[in-house]
Protein chains: 2
Amino acid sequence: MGNKKAIVLVSGGLDSATVLAIAKASGAECYALSFDYGQLHGSELKAAKRVVKAIGVASHQTLHIDLGKLGGSALTDKKIAVPETETQGIPVTYVPARNTVFLSLALAWAEILNATDIYIGVNAVDFSGYPDCRPEFIEAFQKMAALATKAGTEGAEISIHTPLIHLTKAEIIKKGKALGVDYGMTVTCYQADKKGRACGKCESCRLRKNGFQEAGVDDPTRYVC
Amino acid sequence: MGNKKAIVLVSGGLDSATVLAIAKASGAECYALSFDYGQLHGSELKAAKRVVKAIGVASHQTLHIDLGKLGGSALTDKKIAVPETETQGIPVTYVPARNTVFLSLALAWAEILNATDIYIGVNAVDFSGYPDCRPEFIEAFQKMAALATKAGTEGAEISIHTPLIHLTKAEIIKKGKALGVDYGMTVTCYQADKKGRACGKCESCRLRKNGFQEAGVDDPTRYVC
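A brief structural summary. Fair warning: this is a prediction, and the values are worked out from it, not measured in the lab.

Looking only at helices and strands, one finds 8 helices and 5 strands in chain A. When its helices and strands are written in sequence order, chain A yields β-α-β-α-β-α-α-β-α-α-β-α-α. In chain A, buried positions account for 54% of the 225 residues. Considering only residue pairs separated by 6 or more positions, chain A has 71% of its internal contacts joining residues 24 or more positions apart.

So, about the sheet that holds strand β4 (residues 117–119) of chain A. All names here are of chain A. Pairing is parallel across the open sheet formed by 5 strands, whose spatial order is β3-β2-β1-β4-β5. This sheet does not close on itself; its edge strands, each paired only once, are β3 (59–64) and β5 (159–161). When the angles between neighbouring strand axes are averaged without regard to direction, this sheet yields 25°. Sheet strands in contact with helix α2 (residues 43–55) are β2 (29–36) and β3, and its direction is about 170° off that of β2.

Each of the two chain copies goes to the other by way of a rotation about an axis and a shift along it. Take chain B, turn it by 180°, move it 0.0 Å along the axis, and it overlays chain A with an RMSD of 0.0 Å. As the rotation angle and translation indicate, the two copies are arranged about a two-fold axis. By C-alpha distance to the rotation axis, the residue of chain B lying nearest is Ile65 of chain B, at 2.7 Å. Most of the interface of chain B is mirrored in chain A: 100% of its interface residues are interface residues there too.

Looking now at the interface of chain B and chain A. The partner chain A presents 38 residues to the 38 residues of chain B that form the contact. Take the side of chain B that touches chain A: its biggest share by element is 9 residues, from helix α4 (residues 98–113) of chain B.

Once that is clear, we can look at unusual backbone geometry. In most cases, non-glycine residues show a negative phi, while peptide bonds are predominantly trans. Backbone geometry at Asn114 of chain A places phi at a positive 60°, although glycine is not the residue there. Looking at the secondary structure, you find Asn114 of chain A in the loop between α4 (98–113) and β4. The class of Asn114 of chain A is exposed, set by 10 C-beta atoms lying within 10 Å. Positive phi outside glycine occurs at Ala97 of chain B, with the angle close to 55°. Within the secondary structure, Ala97 of chain B sits in the loop between α3 (67–70) and α4.

Moving on: helix α7 (residues 169–178) of chain B. Residues and elements named next belong to chain B. Among the residues of α7, Lys169, Ile172, Ile173 and Gly176 are the ones counted as buried. Viewed end-on, α7 has its buried residues packed into an arc of 95°, placing them on one side of the element. Here the buried face of α7 lies against α1 (14–25) and α8 (203–215). At the C-terminal side of α7, Gly180 shows a positive phi close to 85°.

Turning next to the sheet that holds strand β4 (residues 117–119) of chain B. Residues and elements named next belong to chain B. One open sheet accounts for 5 strands, arranged β3-β2-β1-β4-β5; its pairing is parallel. Pairing within the sheet leaves two strands with one partner each, and these edge strands are β3 (59–64) and β5 (159–161). Along the sheet, successive strands turn relative to each other by an average axial angle of 25°, direction set aside. When strand β2 (residues 29–36) meets β3, the two strands line up parallel, connected through 6 bridges. Pairing of Ser34 across the sheet is with Thr62, part of β3.

Residue and element names in this part refer to chain B. Its 16 residues give α4 an end-to-end C-alpha distance of 23 Å, which sits within 8% of 22 Å, the value for a rise of 1.5 Å per residue. Across the 16 residues of α4, 14 count as buried, placing the element largely inside the fold. Trailing α4 by a residue or two, Asn114 shows a phi angle of about 60°, which is positive.

Counting residues in each nonpolar core, the largest one holds 143 residues, and the members touching the most others are Val8 of chain A together with Val8 of chain B. Considering every element that reaches this core, the biggest residue donor is α4 of chain A, with 10 residues. Each residue touching Val8 of chain B, except ones within four places of it in the same chain, is listed here: Val19, Leu20, Ala23, Cys30, Tyr31, Ala32, Leu33 and Tyr119 of chain B.

Bringing the environment of Gly12 of chain A into the picture now. Residue and element names in this part refer to chain A. Examined against the element boundaries, Gly12 turns out to sit in the loop between β1 (5–9) and α1 (14–25). Here Gly12 falls in the buried class, since 26 other C-beta atoms lie within 10 Å of it. Spatially, the C-alpha atoms of Gly12 and Asp66 are 19 Å apart, while their sequence positions differ by 54 residues. Non-local contacts of Gly12, meaning those with residues more than four positions away in its chain, are made with Glu44, Leu45, Ala47, Ala48, Val51, Thr186 and Val187.

This paragraph deals with the packing of α7 of chain B against α8 of chain B. Residues and elements named next belong to chain B. Axis separation between α7 and α8 bottoms out at 7 Å; the angle between their running directions is 65°. Overall, the two elements α7 and α8 adopt an arrangement that is roughly perpendicular. You can see that α7 and α8 cross each other, and the crossing is right-handed. The segment α7 lies against α8, with Lys169, Ala170, Ile172, Ile173 and Lys174 engaging Leu207, Arg208, Asn210, Gly211, Phe212, Glu214 and Ala215. In the contact of α7 with α8, the residues fall into 6 nonpolar, 2 polar and 4 charged.

Turning to the environment of Arg50 of chain A, a few remarks are in order. Assignment of secondary structure puts Arg50 of chain A in helix α2. Residues Arg50 of chain A and Ile118 of chain A, 68 residues apart in the sequence, show an inter-C-alpha distance of 21 Å.

Quick look at the pairing of β2 of chain B now. All names here are of chain B. Burial runs high along β2: 6 of the 8 residues are buried. Bridge count between strand β1 (residues 5–9) and β2: 5 bridges; the pairing is parallel. By the bridge assignment, Ala6 is partnered in β2 with Cys30. Read as a crossover between parallel neighbours, the route from β1 over α1 to β2 is right-handed.

Rules used throughout
Residues numbered from 1 in each chain as written. Chains lettered and ligands numbered in written order. Predicted model: local features only at pLDDT ≥ 70, side-chain atom pairs only at ≥ 80, totals over all residues. Helix = DSSP H or I, 4+ residues; strand = E, 2+ residues; numbered from the N terminus. Buried ≥ 20, exposed ≤ 12 C-beta atoms within 10 Å, placed from the backbone. Contact = placed C-beta atoms within 7 Å. Pairing = 2+ DSSP bridges. Axes fitted to C-alpha atoms, helices over the stretch in contact; angles between N-to-C directions. Least-squares fit on C-alpha atoms with pLDDT ≥ 70 in both. Arc of directions from axis to C-beta. Expected span 1.5 Å × (residues − 1). Core = buried A, V, L, I, M, F, W, Y, C linked by C-beta atoms within 7 Å. Parallel < 35°, antiparallel > 145°, perpendicular 65-115°, else oblique. Left-handed = near helix turned anticlockwise from the far one by under 90°. Nonpolar A, V, L, I, M, F, W, Y, C, P; charged D, E, K, R; others polar. Right-handed = clockwise from strand over helix to strand, strands pointing away.

Here you go:
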């Protein structure tokens with residue numbers, strides 16, 4: 001019998017690059033899954049390819065989903081501006097039901113590959129108020145997944161791993177550095193330009209910047225200004 | 001305040017046409033959602049358009065999903081043949097995690113539209129052994145959805161309606177006929193030809209044929225032979 005197979009959601013950002021390194025270090029055979037969901041910051045997907053190549057996976061699939069067609073988020077709808085100051089409550093960058101959709105497709109691939117492990121880089125500390133980044137959501141998804149699948153009905157439990165869920169951005173960066181992740185490859189910015197350079201102003205950039213400062217690690221991010 | 005908004009999953013088949021008629025009869029403003037998921041029987045989507053037009057909806061979206069890219073089912077993978085005799089256990093026509101993926105995207109749209117009702121034509125009687133057609137799966141999905149969404153965190157419950165779940169095919173047909181559904185518009189066959197004509201042999205055709213017979217309703221299905 002070979003290694004355990006794991007589906008790892010890889011966006012091209014800092015968090016998911018760390019998760020991929022963690023999954024790989026666990027000894028799992030990793031299957032990376034990325035999504036082209038109409039996100040305006042398409043440079044994320046190029047970053048995902050770089051990250052996956054550098055860390056090494058058994059296979060990498062990028063699935064297209066028409067979330068942009070439904071609109072409703074600053075990340076998929078050009079008419080909604082990405083905020084550059086801190087906001088209260090759930091921000092406009094929230095993509096409705098995004099993690100539910102991503103995990104569902106990961107579940108489909110897991111079932112096809114007979115993989116019982118799915119890794120996702122959600123984080124409940126710097127979670128920006130997104131409901132689908134909370135531990136109680138992940139637990140509910142796992143229960144649902146056990147009932148949704150052929151594997152589940154045959155007793156094979158699907159485990160959703162969220163190794164970053166309780167870590168601060170600084171702790172995530174330290175963990176990734178220890179595993180050799182090159183964060184210069186990753187793109188986190190909500191409005192990065194075509195070359196993958198970050199704006200340095202959006203919420204995602206602010207969290208990332210502070211993370212490197214707190215971790216005492218040199219920030220390899222390329223900023224527009 | 002206007003009517004309640006409901007997302008209705010419409011495949012172009014007999015069951016979902018009935019569900020749309022039921023949702024419409026409840027007084028809800030209906031938003032029909034179809035999926036182009038690499039299903040080999042593309043005539044389903046044409047049928048979905050006919051059905052939606054005949055019954056009348058506020059909007060109809062067809063989302064493309066790359067399930068075919070992942071393979072693993074006779075419905076999305078040309079290399080796997082659709083069986084023409086009864087099989088034991090979960091058949092090869094099962095599309096991994098399909099209803100989970102469909103409901104997740106319905107949830108995304110519901111959240112954008114501020115709709116709290118989702119209708120899906122799953123059926124636990126003639127359910128062909130698909131795990132994601134069982135009531136316990138639907139309940140688990142609904143619990144997960146409440147935690148996944150902005151609406152859920154603000155106390156607005158999402159309800160997943162499955163009006164056909166305990167009905168036989170004959171009962172579904174009688175219900176639809178009473179609501180004026182024209183089943184001649186629908187395509188159920190797993191391997192319908194380009195003109196929407198059914199094979200008459202696959203499991204889906206057999207269930208449908210028997211349903212019309214048991215209901216004592218003339219079968220308007222166009223068969224290849």
